[in-house]
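The residues making up each chain are set out below.
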Amino acid sequence: MSIIIVTYGADTAFMTSNRRTWLKNTGLAIAGLGLAPLESFAFTDTRVADVAAQPFIRLRSNENPYGPSPMAREAMSKYINESNRYGWQLTSALIAAVAQAHGLAAENILLGAGSTEILDITAQLAARQTGNFIIADPSYDYWTDTATGLGLQKIKVPLRADKHTDLDAMLKAINQHTRLVYICNPNNPTGTISNRESLVAFLKKAGTQALVLVDEAYLDFSDQQSLSSLVSGHKNLVIAKTFSKIYGLAGARVGYAIAHPDTINDLSKMRSTPHGSISVVSAAAAIASLQDGGFVTSTRLQNEQAKTYTAQQLEGLGIRCIASATNFIYFSLSGYKPDFFARLAQANILGTRIYEEDGKWSRITIGTMDEMKQFVEAIR
Ligand SMILES: Cc1ncc(COP(=O)(O)O)c(C=O)c1O
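Residues numbered from 1 in each chain as written. Predicted model: local features only at pLDDT ≥ 70, side-chain atom pairs only at ≥ 80, totals over all residues. Heavy atoms only, no water.

Engineer: Honestly, the environment of Asp137 in this entry has me stumped. Any pointers?
Structural biologist: Tracing the sequence through the fold places Asp137 in strand E5 (residues 132-137). Along the primary structure Asp137 and Arg160 are separated by 23 residues, whereas in three dimensions their C-alpha atoms are 9.7 Å apart. Apart from residues no more than four positions distant in its own chain, Asp137 is found in contact with Lys156, Val157, Pro158 and Leu159. (Helix = DSSP H or I, 4+ residues; strand = E, 2+ residues; numbered from the N terminus. Contact = heavy atoms within 4.5 Å.)

Engineer: How should I be thinking about the site of the ligand in this particular structure?
Structural biologist: Lining the immediate environment of the ligand, one finds 15 residues, of which Thr116, Asp215, Tyr218, Thr242 and Ser244 sit closest. One nitrogen or oxygen atom from the side chain of Ser244 is found 2.6 Å from an oxygen atom belonging to the ligand. Here an oxygen atom of the ligand sits 2.9 Å away from a polar atom, N or O, in the side chain of Lys245. Computed on the free molecule, the ligand has an accessible area of 400 Å², of which 99% lies beneath the protein chains in the complex. Among the elements that take part in the shell around the ligand, helix H4 (residues 114-126) stands out by supplying 3 residues, more than any other. (Near = heavy atom within 4 Å. Polar contact = N/O pair within 3.5 Å; in protein donor to acceptor, adjacent residues only side chain to side chain. Areas by Shrake-Rupley, 256 points an atom, 1.4 Å probe, with all protein chains shown as cover.)

Engineer: Even after reading the chapter, I still don't get the sheet that holds strand E9 (residues 237-242), so can you show me in this structure?
Structural biologist: Sheets are built from strands that pair by backbone hydrogen bonding, the pairs being arranged parallel or antiparallel. One open sheet accounts for 7 strands, arranged E4-E10-E9-E8-E7-E5-E6; its pairing is mixed. Among the strands making up the open sheet, the edge pair consists of strand E4 (109-112) and strand E6 (153-158). Going across the sheet, the axis of each strand differs from the next one's by a mean of 25°, ignoring polarity. In the packing of helix H8 (residues 261-268) onto the sheet, the strands contacted are E4, E9 and strand E10 (255-259), and the crossing angle to E10 comes to about 135°. (Pairing = 2+ DSSP bridges. Axes fitted to C-alpha atoms, helices over the stretch in contact; angles between N-to-C directions.)

Engineer: Would you explain the nonpolar core in this entry?
Structural biologist: Where a protein is soluble and globular, its nonpolar side chains tend to be buried together. With 55 residues, the main nonpolar core has Leu94, Phe202 and Phe243 as its most contacted residues. For this core, the leading source of residues is helix H9 (residues 280-291), giving 8 residues. Setting aside anything within four residues of it in sequence, one finds Phe202 in contact with Leu167, Met170, Leu171, Val181, Ile183, Gly207 and Val212. Counting residues in each nonpolar core, the second largest holds 26 residues, with Ala123, Leu152, Leu211 and Ala257 among its members. (Core = buried A, V, L, I, M, F, W, Y, C linked by side-chain atoms within 4.5 Å. Buried < 20%, exposed > 50% of the residue type's maximum accessible area, 1.4 Å probe, protein only.)

Engineer: How should I be thinking about the packing of aromatic side chains in this particular structure?
Structural biologist: In this description, an aromatic ring pair is defined by two values, namely the gap between the centres and the angle between the planes. Under the definition given, this model contains 13 aromatic pairs. Here Tyr336 and Phe340 contribute two aromatic rings whose centre-to-centre distance is 6.1 Å and whose plane-to-plane angle is 80°, an arrangement assigned as edge-to-face. Each of the two residues, Tyr336 as well as Phe340, counts as buried. Each residue in the set Phe331, Tyr336, Phe340, Phe341 and Phe375 is aromatic and connected to the rest through ring pairs, giving one cluster. (Phe/Tyr/Trp six-rings, centres within 6.5 Å; stacked < 30°, edge-to-face > 60°.)

Engineer: I'm lost on the side chain of Ser324 in this one. Help?
Structural biologist: For Ser324, the location among the structural elements is in the loop between strand E11 (320-322) and strand E12 (328-332). The exposure class of Ser324 is buried, given its relative accessible area of 19%. Sequence-distant contacts of Ser324, that is, excluding residues within four places in its chain, are made with Gly191, Lys307 and Ile329.

Rendered as structure tokens:
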């Protein structure tokens with residue numbers, strides 16, 4: 001009998017880094033549900049598991065609780081019938097649409113199965129030479145197993161005390177062996193954002209020495225513009241974008257890289273069929289999503305309302321929150337007496353883990369207002 005292991009998005013725990021802490025916290029959560037650890041993620045059945053029917057409130061992986069957009073759903077239904085054909089025309093149309101959205105050319109774009117594939121490909125490109133890569137700590141580090149697996153050494157640079165990425169310290173950490181610097185902006189898990197001027201100044205210096213990979217997975221939740229207009233002047237800049245967050249297509253797996261055409265060419269060589277990992281259904285969904293501006297606006301608005309509510313409630317409970325430019329909030333449990341994870345488990349809420357043991361920092365995804373009310377009720 002085969003087992004389907006169900007994980008919840010890219011930011012899950014079955015990835016090696018931080019696994020022990022996660023298991024500790026999740027073990028508590030699972031104990032609260034009265035389930036043995038792996039049982040809660042496994043279906044002892046070969047039929048497709050009905051994940052949607054799971055009773056959890058998922059506030060773990062920074063997914064969009066409102067998506068996919070109505071237009072994307074319609075496009076997906078239509079293109080199911082085209083799934084017997086390769087989707088080259090559709091991926092070309094998606095590349096054109098994405099390029100146009102950024103005022104760039106098709107040569108500036110490389111599609112991937114989620115931005116995870118873009119992060120992995122960039123790590124592969126960087127690892128053609130031995131050396132190191134630099135990442136803030138904590139930051140979005142699941143992809144870094146690819147980089148270390150390929151032989152790059154990981155250099156972690158602590159965040160500033162205000163939980164912002166320390167760009168100055170990251171610059172100082174660069175040495176002659178540095179092949180890649182990763183900037184998650186806004187940063188996951190903290191939700192903090194570095195402004196454009198500071199990033200441009202950083203890029204001017206760091207870009208002369210190494211690839212600079214800027215992950216803009218959550219930028220669309222803020223008012224800040226993408227750095228995409230800078231790629232023509234900076235061959236070492238790679239921007240990772242995703243349809244998983246504001247567009248609500250995490251399960252469809254669509255992301256892309258924006259870079260100088262020469263860099264896109266180099267990145268493309270890491271794949272036997274560049275752009276080839278997007279299904280017709282996913283490509284159709286992404287194209288339709290780009291046309292559904294109303295969905296993006298309403299997601300942003302509802303996210304802001306639920307985020308403001310959640311932050312106010314957490315602060316009211318004495319839980320310190322970091323101002324967030326994203327669809328999640330980073331907060332410290334150091335002054336919170338009850339067992340936070342047991343409370344979540346009792347309410348069937350999937351949160352995440354502790355990131356910094358010393359301050360007991362954790363993160364919660366912003367779901368719908370109703371879900372956030374249930375979250376607040378659970379921990380009150
Ligand atoms: C900062 C960041 N980058 C990249 C990803 C990967 O997302 P995807 O592969 O779905 O585009 C995530 C997922 O949570 C993320 O938080």
